[in-house]
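The primary structure of each chain is shown beneath.
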Amino acid sequence: MAKGLLAQVPTEKLPVHIGLILDGNGRWAAKRGLPRTAGHRQGAKVFSEIAQYCREIGIQYLTAYALSTENWKRPQDEVKAIMDLLRRYLDEAFQKQKEDACVRFLGDRTPLASDLQEKMQRIEAESANNDRIHINIALNYGGRDEIVRAVRTLAQRCAEGTISPSEISEQMVSDCLYTCGQPDPDMILRPSGEMRTSNFLPWQSTYAELVFMDVLWPDFTPNHLDQAILQYLQRSRRFGGV
Ligand code: IPE
Ligand code: IPE
Ligand code: MG
């Protein structure tokens, strides 16, 4: 049940699927004279709290952008620190979420360390039947990369003769994405003051309401989420209609 600012809002009015761009960890740390990694650590902690809050108020799908295909450009030790943090985080967070969150990882896993890949696979398998909340973690995720993969899959089917190019539909493309079977995000939320989506869910978010907030992710609280949802509720969603 929603509390606080959303207390009067019926659950069915809430966005079904929220996409979150977890941004601003580095700046948060820099402001405190700390290494960027400290920002990532705090960011992971805040994500657990927000995921828990989303679960409480009845959000059904939450997708968090944790590492993009472009983030490998960062110094190697930062990328390594993010991976190490993730390793620990997945163990701890999953213990807590175990009973009712269905976890899925979006992105190309092949460049990740094999122990991490195994952990991801295990978490997905063990949580597959949970349905209180679906949590997607976009890790080494790039929207263009995702679309290229879908194109390759469909091209392969054409080459094999299982489908013809004229049969390719939007639904078939959607079914080839990492988010296959899930509803498109209703709202994409980016904290940190940046107003761009940085290769996050380009296919899925064509009709998502974009909400940008001037707060660094490690400072993000449930009250910020309430404010974002209130903004979302004021939008008139027309999907091309009148
Ligand atoms: C987001 O925070 C986390 C990742 C992209 C991994 P940043 O690390 O991008 O933080 P800023 O944007 O530099 O403050
Ligand atoms: C987007 O943040 C990616 C993630 C949050 C994982 P970035 O910090 O990488 O985005 P840009 O570089 O500011 O566009
Ligand atoms: Mg950033």
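Parameters at a glance
Residues numbered from 1 in each chain as written. Chains lettered and ligands numbered in written order. Predicted model: local features only at pLDDT ≥ 70, side-chain atom pairs only at ≥ 80, totals over all residues. Heavy atoms only, no water. Phe/Tyr/Trp six-rings, centres within 6.5 Å; stacked < 30°, edge-to-face > 60°. Helix = DSSP H or I, 4+ residues; strand = E, 2+ residues; numbered from the N terminus. Buried < 20%, exposed > 50% of the residue type's maximum accessible area, 1.4 Å probe, protein only. Near = heavy atom within 4 Å. Polar contact = N/O pair within 3.5 Å; in protein donor to acceptor, adjacent residues only side chain to side chain. Areas by Shrake-Rupley, 256 points an atom, 1.4 Å probe, with all protein chains shown as cover. 1 Å grid on protein atoms, 1.4 Å probe; cavity = no way out; pocket = protein on both sides within 12 Å on 5 of 7 lines; lining within 4 Å. Sits in = over half its atoms within 2 Å of the grid points.

Enquirer: Residues and numbers for the packing of aromatic side chains, please.
Expert: Two aromatic rings are characterised by how far apart their centres lie and by the angle between their planes. Scanning the model with the defined rule gives six aromatic pairs in all. Residues Y65 and Y141 carry aromatic rings whose centres are separated by 5.9 Å and whose planes lie at 80° to one another, so their mutual orientation is edge-to-face. Taken together, the positions of Y65 in strand β2 (residues 61-68) and Y141 in strand β4 (residues 133-141) put the pair 76 residues apart, joining distant regions of the chain. Judged by relative accessible area, Y141 falls into the buried class, the value being 0%. Pairing W217 with F220 gives two aromatic rings, centres 4.8 Å apart and planes at 25°, and the pair type is stacked. Of the two residues, W217 and F220, neither departs from the other in class, the shared state being buried. An aromatic cluster is built from Y65, Y141, Y178 and F200, whose rings are joined through pairwise contacts.

Enquirer: Would you mind going over the site of ligand 2 in detail, with residue names and values included?
Expert: Close contacts around ligand 2 come from I21, L22, D23, Y65, A66, L67, S68, N71, R74, R190, R196 and S198, and that covers them all. In the environment of ligand 2, an oxygen atom lies 2.8 Å from a nitrogen or oxygen atom belonging to the side chain of R196. Residue S198 places a side-chain N or O atom 2.6 Å away from an oxygen atom belonging to ligand 2. Considered on its own, ligand 2 offers 390 Å² of accessible surface; in the complex 78% of this is hidden by protein. Taking a 2 Å distance to the grid points as the criterion, the majority of the atoms of ligand 2 fall inside the largest pocket. Residue contributions to the shell around ligand 2 peak at four residues, all from β2.

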